[in-house]
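# Inside the fold
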Protein chains: 2
Amino acid sequence: MSEPDEFSIIDQLFKPLAGFSREARGLIDDVAVIPPDPDHDLLVSTDALVAGVHFFEHDPLDLVARKLMRVNISDIIAKGGTAYGYQLLTAWPRGLSLNDKRDFARGLKTEQDRFGLTLFGGDTVSTPGPLTVSMTIFGKAPRGRALSRAGARAGDRVLVSGYIGQAHLGLRALQGRLSDLPNGDVNELISAYHLPEIRPDLAHAVLRHASAAMDISDGLLGDADHLARANTLMIRIELDKVPTSPAARAAIAEGVSAVDLMTGGDDYQILCTAGEAGAKALIMTGFYDIGACVSATPETPAGACLFAGGRRIEVTDKGFRHPL
Amino acid sequence: MSEPDEFSIIDQLFKPLAGFSREARGLIDDVAVIPPDPDHDLLVSTDALVAGVHFFEHDPLDLVARKLMRVNISDIIAKGGTAYGYQLLTAWPRGLSLNDKRDFARGLKTEQDRFGLTLFGGDTVSTPGPLTVSMTIFGKAPRGRALSRAGARAGDRVLVSGYIGQAHLGLRALQGRLSDLPNGDVNELISAYHLPEIRPDLAHAVLRHASAAMDISDGLLGDADHLARANTLMIRIELDKVPTSPAARAAIAEGVSAVDLMTGGDDYQILCTAGEAGAKALIMTGFYDIGACVSATPETPAGACLFAGGRRIEVTDKGFRHPL
């Protein structure tokens with residue numbers, strides 16, 4: 001039997017992901033229809049993953065699908081929104097088996113059921129190149145209240161929602177560049193690389209208390225740098241205050257540079273700023289205070305800087321860029 | 001000097017495409033914000049193009065960008081909507097020059113200025129594979145009135161907005177499979193393949209008079225088949241009534257099968273159905289009546305059929321599928 005074509009793939013694999021959502025119209029149409037919601041803004045974000053660049057060629061496709069969905073939802077959460085639907089693009093390489101495609105659809109199903117999304121529509125194409133998947137995600141936030149990178153003020157505290165550097169260390173472990181750690185630690189780190197923890201439960205606190213927010217995808221220091229520049233501020237991050245897991249601290253004890261964790265990618269934690277009262281409230285919900293926003297001056301121009309024990313640490317490459 | 005990274009590409013090439021649109025927030029954010037419009041539904045569609053599959057590896061990138069935008073706008077027009085913004089995904093192959101990227105951005109600019117769109121956001125990644133570009137397009141239609149594939153009734157007429165088969169013949173010409181035509185004809189056909197004509201001016205008539213509508217991207221007969229099945233109807237298309245250009249008729253005179261034009265891809269004309277009065281109004285705006293919707297029966301099951309001189313023509317492969 002020959003492989004099913006684009007239309008049967010859509011029927012078999014993707015229609016169940018659309019379910020009865022009114023936006024998708026059962027996927028019989030090429031166009032999704034999103035009715036207006038006068039009380040909410042629609043938040044929209046796009047993130048793509050390419051085999052050999054953002055994941056390993058042989059990673060199981062259910063994990064790839066789950067990561068794709070999480071990195072997209074992460075953007076919506078960081079703006080204080082709730083994700084609820086998505087457009088999907090899949091460029092399948094020649095010869096990818098129907099089983100692999102099923103695994104991919106199954107991964108999407110797992111995450112959309114967990115986080116409350118449905119498929120609205122998309123496109124399915126073939127490629128002579130590597131598997132390439134992209135999602136445009138839709139979320140809602142109360143009208144006029146979605147956070148942005150702008151909005152931080154001098155004097156604001158800088159906060160993150162959880163451990164930094166987990167995925168970076170997981171990637172190193174997968175590359176065979178992390179040794180002498182207990183298996184349990186290694187597995188935890190690899191798992192953070194494959195499947196970042198995202199925290200929809202924090203969106204409300206961000207919306208209520210943060211002055212600016214974004215998710216950390218390209219490394220804490222690089223993303224803090226972007227946030228700082230968007231506000232023409234200097235952001236001071238205190239290395240000793242950045243939360244790291246026991247596994248990460250074990251890796252540092254084995255010789256991994258703590259600075260690498262601050263510039264590695266794929267954290268998908270929330271980075272935000274808040275005034276004093278907001279920061280206190282955010283800390284109550286589980287955020288960590290890691291530094292402060294200060295006015296930019298000719299001596300301390302806009303950007304993010306790392307400090308340890310009161311001294312500034314020079315970092316030549318602040319941000320993670322995918323290695324191509 | 002090394003090639004600029006993702007962030008400089010965004011600054012140099014894409015920020016000018018976002019302009020001052022409030023949705024894009026100057027692209028400093030990862031998330032676009034679309035405010036609610038209580039009178040309109042938001043229409044959303046995604047279409048991707050892959051080098052070597054949907055266009056030739058050496059096609060100029062401004063043309064690729066322009067085609068990408070048109071095939072996406074085409075979906076919105078066919079539902080009676082007005083396109084006004086887009087998310088963009090670009091997966092650049094290693095070694096693609098900054099000039100090529102500039103050409104691509106220039107192509108987008110040409111089309112967005114012509115058709116009234118702005119860039120809302122997106123993602124830029126690298127790929128070891130071929131250039132892959134995808135757009136998720138946003139349009140508006142008066143609330144509750146966007147057309148769908150469903151809605152046709154037995155007795156409705158079937159109409160198309162213009163010439164069928166132009167792009168298919170253009171593709172054949174580029175593949176060296178079309179000879180003995182005057183240069184002017186060949187150029188017209190190739191041009192239709194590279195840059196389909198789209199007709200935003202027809203959206204209003206579709207909205208007002210059509211009962212069901214879609215754009216033709218995978219061949220007239222295949223797409224009519226989808227429309228017919230979505231309505232459990234049989235659609236009879238009269239080959240002699242399908243509009244073809246003088247260049248296409250010259251190709252047919254030289255031996256090209258007229259049926260090939262009915263199953264070729266990339267037309268991006270509007271296919272719609274309408275009751276008698278609606279059909280008359282649509283014909284007044286430039287549509288062509290090409291057939292009728294009839295009830296499906298056990299002898300004439302749901303689907304599209306081609307007739308010539310009162311006799312049914314057997315077509316084994318109704319729809320164009322991209323050759324991978």
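Computed from a prediction, not measured in an experiment: that's the story for all the values here.

## Brief notes about the overall build of chain A
Scanning chain A from terminus to terminus reveals 10 helices and 12 strands. Here the C-alpha radius of gyration of chain A, 21 Å, is about what a compact globule of 324 residues would show, namely 20 Å. With respect to the three principal axes, the spread of C-alpha positions in chain A is 70 × 55 × 35 Å. Counting across all 324 residues of chain A, residues that qualify as buried make up 56%.

## Digging into the interface of chain B and chain A
Chain B puts 56 residues into the contact, and the matching count from chain A is 56 residues. Going through the elements one at a time, β1 (32–34), β2 (40–50), α2 (61–78), β3 (82–93), β4 (118–127) and β5 (132–142) of chain B are the ones with two or more residues in the side of chain B that touches chain A. Looking at the side of chain B that touches chain A, the element that brings in the most residues is β2 of chain B, giving 10 residues. Among the residues making up the side of chain B that touches chain A, the classes are represented as 26 nonpolar, 15 polar and 15 charged. For strand β1 (residues 32–34) of chain A and β2 of chain B, the ladder comprises 3 bridges, and the chain directions are antiparallel. Among the inter-strand pairings, V33 of chain A is bridged to a residue of β2 of chain B, identified as L43 of chain B.

## A short note on the sheet that holds strand β4 (residues 118–127) of chain A
In spatial order, the strands read β4(A)-β3(A)-β5(A)-β2(A)-β1(B); together these 5 strands make up an open sheet with mixed pairing. Both edges of this open sheet fall to β4 of chain A together with β1 of chain B, since each of them pairs with a single strand only. Ignoring which end each strand starts from, the neighbouring axes of this sheet average 20 degrees apart. In the sheet, strand β2 (residues 40–50) of chain A pairs with strand β5 (residues 132–142) of chain A via 11 bridges, with the strands oriented antiparallel. Its bridge partner being in β5 of chain A, L42 of chain A is matched across the sheet by K140 of chain A.

## What about the packing of helix α4 (residues 166–174) of chain A against helix α5 (residues 183–194) of chain A?
Residues and elements named next belong to chain A. The geometry of α4 relative to α5 is characterised by a closest axis approach of 7 Å and an angle of 110 degrees between their N-to-C directions. Comparing the axis directions of α4 and α5 gives the class roughly perpendicular. From α4, Q166, A167, L169, G170, L171, A173 and L174 reach across to α5, where they touch V186, L189, I190, S191, A192 and Y193. Class assignment of the residues belonging to the contact of α4 with α5 gives a composition of 10 nonpolar, 3 polar and no charged.

## Describing the domain arrangement of chain A
Residue and element names in this part refer to chain A. We note that the domain assignment places domain 1 (6–142) and domain 2 (157–313) within chain A. The C-alpha centroid of domain 2 is placed 27 Å from the C-alpha centroid of domain 1. Listed as interface residues are 17 residues of domain 1 and, on the opposing side, 17 residues of domain 2. With 10 residues, the top contributor of residues to the side of domain 1 that touches domain 2 is helix α2 (residues 61–78). Here the side of domain 1 that touches domain 2 is built from residues that sort into 8 nonpolar, 4 polar and 5 charged.

## Observations regarding unusual backbone geometry
A positive phi angle is found at D266 of chain A, which is not glycine, with a value near 65 degrees. By the element assignment, D266 of chain A lies in the loop between α9 (258–263) and β9 (270–274). Phi is positive for Y268 of chain B, close to 55 degrees, though the residue is something other than glycine. Topologically, Y268 of chain B is positioned in the loop between α9 (258–263) and β9 (270–274).

## Considerations on the confidence of the model for chain A
Of all residues in chain A, 96% have pLDDT values of 70 or greater, and the mean over the chain is 94. Model confidence for the complex: the whole-complex pTM is 0.94, and ipTM, which rates the interface, is 0.94.

## Points about the environment of E197 of chain B
Mapped onto the secondary structure, E197 of chain B falls in the loop between α5 (183–194) and α6 (203–209). For the pair formed by E197 of chain B and L174 of chain B, sequence separation is 23 residues and the distance between their alpha carbons is 18 Å.

## Focus on helix α8 (residues 246–253) of chain B
All names here are of chain B. All of the buried residues along α8 are A247, A248 and A251. What you see down the axis of α8 is that its buried residues fit within an arc of 100 degrees, all on one side. Structural note: α8 exposes P246 and A253 on the side pointing more than 90 degrees away from its buried face. Looking at the packing, one finds that the buried side of α8 touches α4 (166–174), α5 and α9. Looking one or two places after α8, you find G255, whose phi comes out positive at around 115 degrees.

## Quick look at the pairing of strand β8 (residues 233–238) of chain B
All names here are of chain B. Pairing of β8 with strand β10 (residues 288–295) involves 5 bridges; the strand directions are antiparallel. Along β10, the bridge assignment pairs L233 with S295. Sheet analysis places β8 next to strand β11 (residues 303–308), joined by 5 bridges and oriented parallel. The residue bridging E238 from the neighbouring strand is F307, located in β11.

## Some thoughts on the sheet that holds strand β7 (residues 212–215) of chain A
All names here are of chain A. Pairing is mixed across the open sheet formed by 7 strands, whose spatial order is β7-β9-β6-β10-β8-β11-β12. Taken across any chain shown, the strands that pair with only one partner, and hence form the sheet edges, are β7 and β12 (311–313). Taking the axes of each pair of neighbouring strands and ignoring which way they run, one obtains an average angle of 30 degrees across the sheet. Bridging between strand β11 (residues 303–308) and β12 involves 3 bridges; their strand directions are antiparallel. Bridge assignment links L306 to a residue of β12, and that residue is I313. Along the sheet face, α2 touches β7 and β9 and points at about 175 degrees away from the line of β7.

## Points about the relation of the copies chain B and chain A
Mapping chain B onto chain A calls for a rotation angle of 180 degrees and an axial translation of 0.0 Å; the resulting RMSD is 0.0 Å. Seen this way, the second copy is the image of the first under a two-fold rotation axis. No C-alpha of chain B approaches the rotation axis more nearly than that of G129 of chain B, which lies at 2.1 Å. Same-surface contact between copies: 100% of interface residues of chain B are shared with the interface of chain A.

## Some details on α4 of chain B
Residues and elements named next belong to chain B. Here α4 lies mainly inside the structure; 8 of its 9 residues are buried. Taken together, the buried positions of α4 are occupied by Q166, A167, H168, L169, G170, L171, R172 and A173. On its buried side, α4 packs onto α5, α8 and α9. Looking one or two places after α4, you find G176, whose phi comes out positive at around 75 degrees.

## Quick look at the environment of A277 of chain B
Assignment of secondary structure puts A277 of chain B in helix α10 (residues 276–284). Expressed as a C-alpha distance, the spacing of A277 of chain B and A248 of chain B, which sit 29 residues apart in the sequence, is 31 Å.

Definitions and cut-offs
Per chain, residue numbering runs from 1 following the sequence as it is written. Ligands are numbered from 1 and chains lettered from A, in the order in which they are written. Reporting of local features is limited, given that this is a predicted model, to residues whose pLDDT is at least 70; pairs of side-chain atoms are given and counted only at 80 or more, and all residues count toward the totals for whole chains, interfaces and linings. Strands here are runs of E lasting at least two residues and helices are runs of H or I lasting at least four, both read from the DSSP assignment and numbered beginning at the N terminus. Atoms counted for the radius of gyration: C-alpha only. Globule rule: 2.2 Å times residue count to the power 0.38. The exposure label follows from counting other C-beta atoms within 10 Å of a residue's C-beta, where the C-beta atoms are placed from the backbone and the thresholds are 20 or more for buried and 12 or fewer for exposed, leaving partly exposed in between. By the convention adopted here, residues are in contact when the distance between their C-beta atoms, placed from the backbone, does not exceed 7 Å. Any residue outside Ala, Val, Leu, Ile, Met, Phe, Trp, Tyr, Cys, Pro, Asp, Glu, Lys and Arg is labelled polar, Gly included; the first ten of those are nonpolar and the last four are charged. Pairing between two strands is assigned when DSSP locates at least 2 bridges connecting them. To define axes, lines are fitted to C-alpha atoms, for helices over the stretch in contact only, and angles between the resulting N-to-C directions are given on a 0 to 180 degree scale. Oblique is the label for any angle not covered by the other classes, which are roughly parallel (under 35 degrees), roughly antiparallel (over 145) and roughly perpendicular (65 to 115). These domain limits were set by an automatic method or by a database of domain assignments. The pLDDT score gives, residue by residue, the confidence of the prediction method on a 0 to 100 scale. The arc under discussion is defined with respect to the helix axis, by the directions toward the C-beta atoms. Overlaid copies result from least-squares superposition on C-alpha atoms, with residues included only where pLDDT is at least 70 in both.

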